[in-house]
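# Examination of the molecular architecture
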Amino acid sequence: MFETEAQLDGLQALIDASFANAGAHLLSISRPDRRLSARQVATLLQGTRHVAFATVTSKGEPRVAPLDGLFLWGRFHVGTDGRSLRARHLRRNPNVSLTHFQGDDFSIVVHGRATIIEKGDADADAIDAVWREIYKMSAFDLAENVIFARVEPTHMFTFAQDPSKFPE
C-alpha cells in the first residue's frame, strides 16, 4: 500500500463528504453497511486494476475506454499516448470519471479532474517505478509520448455487497 495515514484520512473524508451529498437513489443502494472504507479501498486496489475511464470531447460528449489503472497515494493514475484523442480531451477539459468494479461484488466510482504528468515531471519517475515493478518495463518504453493522468477526485463512492470480504 502506497498511502500514508494522512492520505487515508483525506480519502475517508472525501468518501464521507461524497455520500453526505449523494442522492436518495444512490444512498438506498450504497447504504452505510455496504460501503468500503478508505483503507479497504487502498488494500483492494493494489497492483493494476482495469478501469473504465471517461473523458469529455470538445462537443461535451462523453468518451469511455478501458485502461490500466494504478492506485497510488490515494489517487488513480492511468497512462495513455500523449498524442491520442484521449490526451487531447484531457488537455482541453480535464473533467473525468473512472470506475473499477467486479460484477455485483464491489464498485469504486471517482469523479474529478485529471492532472497530466509527463516524462520529466516530478511524479513521473515514481509512477513509472511502480509500472516497472508490475509490467517489467517502463511505461515510457511503450510509446514516445506516454503521459500519465492522475485523477484528483472531487467525489468517490464505494460499494460492496459484503464489505467484510475486503480486508483493511
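Please read these numbers as outputs of a predicted model, since none were measured by experiment. (Residues numbered from 1 in each chain as written. Predicted model: local features only at pLDDT ≥ 70, side-chain atom pairs only at ≥ 80, totals over all residues. Heavy atoms only, no water.)

## Quick look at the packing of aromatic side chains
For clarity, the cut-off: Classification of ring pairs uses Phe, Tyr and Trp, with its six-membered ring standing for Trp, and accepts pairs whose centres are within 6.5 Å; under 30 degrees between planes counts as stacked, over 60 as edge-to-face, and the remaining range as tilted. The helix and strand labels rest on DSSP assignments: H or I over at least four residues marks a helix, E over at least two residues marks a strand, and numbering proceeds from the N terminus. Type-normalised accessible area, obtained with a 1.4 Å probe on protein chains alone, sets the label of each residue: buried when under 20%, exposed when over 50%, and partly exposed for intermediate values. The criterion is that NZ of a Lys, or CZ of an Arg, lies within 6 Å of the ring centre and within 35 degrees of the ring normal, and then a charge sits over that ring.
The full count for this structure, using the stated rule, is seven aromatic pairs. Taking 6.2 Å as the distance between ring centres and 70° as the angle between the ring planes, the aromatic pair formed by F2 and W73 counts as edge-to-face. Taken together, the residues F2 in the segment before α1 (5-20) and W73 in the loop between β2 (62-72) and β3 (75-81) connect sequence positions 71 residues apart. The class for F2 is partly exposed, based on a relative accessible area of 34%. Judged by centre distance (5.6 Å) and plane angle (75°), the rings of F140 and F148 are edge-to-face. Judged by its relative accessible area of 12%, F140 falls in the buried class. An aromatic cluster is present here, built from W131, Y135, F140 and F148 joined pairwise through their rings. Directly above the aromatic system of F19 lies the positively charged group of R35, at a separation of 3.8 Å from the ring centroid.

## Points about the sheet that holds β3
Test applied: Strand pairing requires that DSSP identify at least two bridges connecting the strands. With axes taken as lines fitted to C-alpha atoms, and helix axes fitted only over the stretch in contact, angles between N-to-C directions fall between 0 and 180 degrees. Only heavy atoms enter the contact rule, under which two residues are in contact if any of them lie within 4.5 Å.
Spatially, six strands are ordered β1-β2-β3-β6-β5-β4 in a closed barrel, and the strand pairing comes out antiparallel. The average angle at which neighbouring strand axes cross in this sheet is 40°, direction not considered. For strand β1 (residues 48-56) and β2, the ladder comprises nine bridges, and the chain directions are antiparallel. Within β2, the position partnered with H50 by the bridge is D68. Contacts from helix α5 (residues 124-135) reach β1, β2, β3, β5 (106-118) and β6 (146-160), with the element oriented near 85° to β2.

## Concerning the nonpolar core
Note the following rule: Among the buried residues, those of types Ala, Val, Leu, Ile, Met, Phe, Trp, Tyr and Cys that are joined through side-chain atoms within 4.5 Å form a nonpolar core.
Ranked by size, the top nonpolar core spans 31 residues in total, and within it F53, F71, F76, I108 and M156 carry the most contacts. Of all the secondary structure elements, the ones that give two or more residues to this core are α1, α3 (38-44), β1, β2, β3, β4 (95-102), β5 and β6. With sequence-adjacent residues up to four places away left out, M156 is seen in contact with L11, L14, I15, S18, F19, F71, I108, V109 and V110. Counting eleven residues, the second largest nonpolar core, distinct from the first, contains L70, L72, A124 and A139.

## Notes on the pairing of β3
Sheet analysis places β2 next to β3, joined by four bridges and oriented antiparallel. Bridge pairing links F71 to F76 in β3. The pairing of β3 with β6 spans five bridges and is antiparallel. Residue pairing in the sheet places G79 in a bridge with F148 of β6.

## So, the pattern of salt bridges
Rules: The rule for a salt bridge is simple: a side-chain nitrogen of Lys or Arg has to be within 4 Å of a carboxyl oxygen of Asp or Glu.
Enumeration according to the criterion identifies eight salt bridges in this entry. With a closest N to O distance of 3.0 Å, E61 and R63 form a salt bridge. With a relative accessible area of 39%, R63 lands in the partly exposed category. Linking E118 and R91 is a salt bridge whose minimum nitrogen-to-oxygen distance equals 3.6 Å.

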